[in-house]
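# Residue-level structure breakdown
Now for the letters of each chain:
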Amino acid sequence: MSDPPLEDFLRQAEGWLAARYLAAGDGGQRRFTWGEGDDEVRVFQEPDPVAEADALPAIRRWRRELWDHGYGWIDGPAACGGAGLPAAYARAFERLTRRYRVPGDAALTVSLGMIAPAILRHGSPGQRRHWLPLLYSGQQIACQLFSEPGAGSDLAAVSTRATRDGDAWRITGQKVWTSGAHLADIGEIICRTSGGPRHHNLTAFLVDMRAPGVTVRPLRQMTGGASFNEVFLDDVAVADACRLDEEGRGWQVALTTLSFERNAMGHSAFGGAGILSTARLIGLVHAAAKQADPVTRQEFGELISHLRVARYTQEVQAAQARAGDAPGLEVALNKIALSENMKRLAGFAAGVLGPALIADTGAWGTYAWTSVLLGAPGYRLGGGTDEILKNTIAQRVLGLPRAT
Amino acid sequence: MTIRDRLALTDDERMLQATLREFLTARLPSAELRSALDSDAGYSMTLHARLISELGVGGLTIPEDFGGLGLSQAEACVVHAELGRALYPGPFLPGCLAAAALLAAGDLAACQEWLPRLADGSATGTVAPAGENGSWQAGRAPVQAEKAPGGWRLHGRSWFVLSGQAADIIIVPAAAASAPGMFLVESGAPGLAVTPMTGLDLTRRAAALAFDAVPARLLGRGGDAAGVLEQVERHFLLATAAEASGGISWCLDLGVGYARDREQFGRPIGSFQAVAHQCADMLADLQSAAAAARYAAVASAAGSEDAALAARVAALRGGESYRRVAEAAIHLLGGVGFTWEHDAHLYYRRAWSAQQLAGGPQAHRAAIADLAGL
């Protein structure tokens, strides 16, 4: 059966959205006006836990509605419950949703942007049919259980152990820097399962986050908020049916998931309209009455050039991907560019604001920029440090030899 | 067609790229480049003629009505990138700028007379908009035009004229009593003195021109020199950005190849993290410079409203990246990279020179602030 023409698909989709959700009213462009609304420029999502929990049912209902009407996984294979349409349809639908006041998928970046694609690539046919509809319909939310106190950059050194126990496994250990663990129903976890050689001694599982023995504690980071968690696992039972890929293939599953993570980070909303909006930066300069200052104009021009180039790079890569020439591991460079741009942004705000950056005068849009300077160091760490990413690129993109 | 639909290279563009790469690799190896640089002209006229006639790139952006191929900035920048990668020393870029100036000035007779000759390579052209401080401002043109019996006469001096010695025609903005206009001067015109400038970039020569009552032809009805210059400058910025991406790709290939092969302390230097990270940084520079050059070229071709901003961004970031990468390549090569014999310094010279000729980073930053609405 051939695909419906894209225009027909979009016309139907638009009718469906319009019948259920209010139009955003401004063509989907959130227009920024200096001094109006919230002046937060957080670079890590640090929602109030109560508000976050309150928002969750609406997000689940939104996914459920999408799923029930064939929009939940537009470009997913039909055999796994997807609609089986080309990726262009999914992108077009996503653009369309921005014109409506929908709950959106921001809280599901890990679940749908990282874990679901990893299950699609590494899961058995049965696992794909079981888990992917649950994730895309919002009935289940997934988190990623990788880093440990003793395994950061050296992720392959994880020491959380899974030991076979008949048809099940018993998992004991500690994970850290887990986003959304407190909301998640399942976690993709990498465990050590043998004393075998490095990279061959790991296995991936999907663990029930509500199983006995799982403890989730918020982790307060240097910004003052808590975007992440620590997860303790004490003799947690996991059925062998929840093992992802073969025993000993955990490292491959981890690499797949991380590649989706870097992709998601490089493409995060941060590079788009939010806090990097030119209008906000212009507003900042005007608020400090520095628009005629030649040094500020130079610094503004420099900053804008970096932000634009990051966007152009992503747009060119996206176009190449649509033309069947998707970039490989070098997309990790986008994440490094993003971290650098965050540092530049903090430096620019510091130059414009002076001491109003470091102590709150109460003026709108001034002290709020401390969130950027406090969050910036985290971006150089999350999803692989600059150094680890450069090693990977040097070895696997440029073909340079490993350090001996 | 939107910008997004044009960002990936088309099959035709890939073919153009591959053809040029092959042509220049075969015909302009280092030894040929070096001997061209030592010649009086600074480039091989034979090779230039073959580039124009065999590959037909002379008239790339010249409309078909005037003997060209009628292609856009997007295709032109594919060519500029390849020529930049090879440090092609012939008068290709100045010819493109002269053609852009003729077209923008909209003088049909001048277009009919000169564009077919620029397209088929039987004439070369350049533009002479810069004063001694290098800036292009029609309102403050360093050359004055005076209406005399029998036609216009130019007085003054212009500087940094690319391939000024090789050009058959020179397009000059000049201040006139009414409003600044664009003028066409033919080489060998009485009163025109062309003096080569000693320059940093050995692969791109510049000249100073002195005009002493030089007979000149006013293009069009005059009056819109600023608008014409803006279009020519846009082409210049886009070409500079594309050339930078080509030069960066050469430097990256050189540096990475050397880091793979060169052994010290009993192992390839590329296995040292400090070296490997330099190489990854060079790749980041290539990726962003190439993407920005492409985006800006496509935005201009599509007439997008952010095309002027994108061109400035591409020139600024491409220029800075080129300088950094050329310096890094020399550093990776160690002592070899600092020798006259190695070509690395030719790229280093081009990187610095091209950045300044295109206006320099301060001018780009100031223009970006203006264009972004600050």
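Residues numbered from 1 in each chain as written. Chains lettered and ligands numbered in written order. Predicted model: local features only at pLDDT ≥ 70, side-chain atom pairs only at ≥ 80, totals over all residues.

## Some remarks on the overall build of chain A
The criterion, for reference: Put simply, DSSP marks the helices as runs of H or I at least four residues long and the strands as runs of E at least two long, and each gets a number from the N terminus on. Computation of the radius of gyration draws on C-alpha atoms, with the globule rule given as 2.2 Å multiplied by the number of residues to the power 0.38. Exposure classes come from backbone-placed C-beta atoms, where a residue is buried if 20 or more other C-beta atoms lie within 10 Å of its own, exposed if 12 or fewer do, and partly exposed in between. Contact between two residues is assigned when their C-beta atoms, built from the backbone, lie within 7 Å.
Helix and strand content of chain A: 11 helices and eight strands. Computed over the C-alpha atoms, the radius of gyration of chain A is 22 Å, within 12% of the 22 Å expected from 2.2 N^0.38 for a compact globule of 404 residues. Going through the 404 residues of chain A one by one, you find that 40% of them count as buried. Counting contacts in chain A only where the partners sit at least 6 residues apart, residues at least 24 apart contribute 71% of the total.

## A closer look at the overall build of chain B
A count of helices and strands for chain B gives 12 helices and nine strands. In terms of C-alpha radius of gyration, chain B reaches 21 Å, essentially the compact-globule figure of 21 Å for 374 residues. Each principal axis of the C-alpha distribution contributes one length, and for chain B these read about 80 × 45 × 40 Å. Taking contacts inside chain B between residues at least 6 apart in sequence as the whole, the part at least 24 apart equals 75%.

## Digging into the interface of chain B and chain A
Where we set the bar: Put simply, Ala, Val, Leu, Ile, Met, Phe, Trp, Tyr, Cys and Pro go in the nonpolar bin, Asp, Glu, Lys and Arg in the charged bin, and everything else, Gly too, in the polar bin.
The interface is formed by 35 residues belonging to chain B together with 38 residues belonging to chain A. Only helix H8 (225-261), strand E9 (267-268), helix H9 (273-301), helix H10 (307-333) and helix H12 (361-371) of chain B provide two or more residues apiece to the side of chain B that touches chain A. Considering every element that reaches the side of chain B that touches chain A, the biggest residue donor is H9(B), with 13 residues. Looking at side-chain class alone, the side of chain B that touches chain A contains 20 nonpolar, nine polar and six charged residues.

## Details of the packing of H8(B) against helix H11 (residues 344-357) of chain B
Residues and elements named next belong to chain B. Which entries qualify depends on this criterion: Axis geometry follows a simple rule: fit a line to the C-alpha atoms, using only the stretch in contact for helices, then measure angles between N-to-C directions, giving values from 0 to 180 degrees. Note on angle classes: values under 35 degrees are labelled roughly parallel, values over 145 roughly antiparallel, values of 65 to 115 roughly perpendicular, and the remainder oblique. Left-handed describes a crossing in which the near helix is turned anticlockwise from the far one by less than a right angle; the clockwise case is right-handed.
H11 packs onto H8 with a crossing angle of 155 degrees between their chain directions and a minimal axis gap of 11 Å. Comparing the axis directions of H8 and H11 gives the class roughly antiparallel. In this structure, H8 crosses over H11, and the sense of that crossing is left-handed. Residue-level inspection shows Thr240, Glu243, Ala244, Gly247, Trp250, Cys251 and Leu254 of H8 in contact with H11, the latter providing Ala344, Tyr347, Arg350, Ala351 and Ala354. A per-class count over the contact of H8 with H11 returns eight nonpolar, two polar and two charged.

## So, the confidence of the model for chain A
Keep this limit in mind: The quantity known as pLDDT measures the predictor's confidence residue by residue, on a range of 0 to 100.
Counting all residues, the mean pLDDT for chain A is 91, and 95% of those residues have values of 70 or more. Note on residues 268-273 of chain A: pLDDT under 50 across the span, and 10 contacts to partners over four residues away in sequence or across chains.

## Let's talk about the confidence of the model for chain B
With 100% of its residues at a pLDDT of 70 or more, chain B has an overall mean of 95. Model confidence for the complex: the whole-complex pTM is 0.93, and ipTM, which rates the interface, is 0.96.

## Some points on unusual backbone geometry
The backbone phi angle of Ala289(A) is positive, close to 55 degrees, even though this residue is not glycine. Checked against the element boundaries, Ala289(A) lands in the loop between helix H7 (278-287) and helix H8 (294-322). The exposure class of Ala289(A) is exposed, given the 9 C-beta atoms found within 10 Å. A positive phi angle, near 55 degrees, is found at Phe265(B), a position not held by glycine. Tracing the sequence through the fold places Phe265(B) in the loop between strand E8 (263-264) and E9. With 8 C-beta atoms packed within 10 Å, Phe265(B) lands in the exposed category.

## Things to note about the pairing of strand E3 (residues 151-162) of chain B
Residue and element names in this part refer to chain B. Under the convention used in this document: A pair of strands is treated as paired once DSSP finds two or more bridges between them.
In this structure, strand E2 (residues 143-148) lies alongside E3, joined through six bridges in antiparallel fashion. Residue pairing across strands places alanine 148 opposite glycine 151, the latter belonging to E3. From the end of E2 to the start of E3, which pair antiparallel, there are two residues, and glycine 150 there has a positive phi angle of about 90 degrees.

## Let's talk about the nonpolar core
Basically, it comes down to this: In these notes, a nonpolar core means any group of buried Ala, Val, Leu, Ile, Met, Phe, Trp, Tyr and Cys residues linked to one another through C-beta atoms within 7 Å.
In terms of nonpolar packing, the biggest core is built from 183 residues, with Ala101(B), Phe183(B) and Ala296(B) touching the most fellow members. When residues no more than four places from it in sequence are discounted, the contact partners of Ala296(B) are Leu238(B), Ala241(B), Ala310(B), Ala311(B), Val313(B) and Ala314(B). Formed by 57 residues, the second largest nonpolar core is a distinct cluster that contains Tyr89(A), Trp169(A), Leu233(A) and Phe260(A).

## Regarding the packing of helix H9 (residues 332-353) of chain A against helix H11 (residues 386-396) of chain A
Residues and elements named next belong to chain A. One can describe the packing of H9 onto H11 by two numbers: an axis separation of 10 Å at closest approach and a directional angle of 150 degrees. Of the possible angle classes, the one that applies to H9 and H11 is roughly antiparallel. For the element pair H9 and H11, the recorded crossing hand is left-handed. Seen from H9, the contacting residues are Ala332, Leu333, Lys335, Ile336 and Ser339; seen from H11, they are Asp386, Leu389, Thr392 and Ile393. Considering only residue class, the contact of H9 with H11 consists of five nonpolar, two polar and two charged.

## Describing the environment of Ala130(B)
Residue and element names in this part refer to chain B. Within the secondary structure layout, alanine 130 lies in the loop between strand E1 (125-127) and E2. The exposure class assigned to alanine 130 is buried, which follows from the 22 C-beta atoms found within 10 Å. Sequence separation between alanine 130 and valine 172 is 42 residues, and the spatial gap between their C-alpha atoms is 9.2 Å. Aside from chain neighbours lying at most four places away, what touches alanine 130 is Ser135, Trp136, Ser158, Trp159 and Phe160.

## With respect to H9(A)
Residues and elements named next belong to chain A. Note the cut-off: Helices are assigned an expected span. That span is 1.5 Å times one less than the residue count.
Across its 22 residues, H9 extends 32 Å between first and last C-alpha, which sits within 8% of the 32 Å expected from 1.5 Å per residue. The buried count for H9 comes to 16 of 22 residues, which makes it a mostly enclosed element. Glycine 354, located one to two residues past H9, shows a positive phi value of around 60 degrees.

## A closer look at the environment of Leu69(B)
Residues and elements named next belong to chain B. Here leucine 69 shows up in the loop between helix H4 (45-55) and helix H5 (73-85). Since 16 C-beta atoms lie within 10 Å of it, leucine 69 is described here as partly exposed. Along the backbone, leucine 69 and threonine 126 are 57 residues apart, and their C-alpha atoms lie at a distance of 20 Å. Once you skip the residues sitting within four places of it in the chain, leucine 69 turns out to touch Gly56, Gly59, Leu60 and Glu64.

## Some details on the environment of Tyr295(B)
Within the secondary structure layout, Tyr295(B) lies in helix H9. Sequence spacing of Tyr295(B) and Pro190(B) is 105 residues, and the spatial spacing of their C-alpha atoms is 44 Å. Once residues lying within four places of it in the same chain are set aside, the contact partners of Tyr295(B) are Tyr312(A), Glu315(A), Val316(A), Leu7(B) and Ala310(B).

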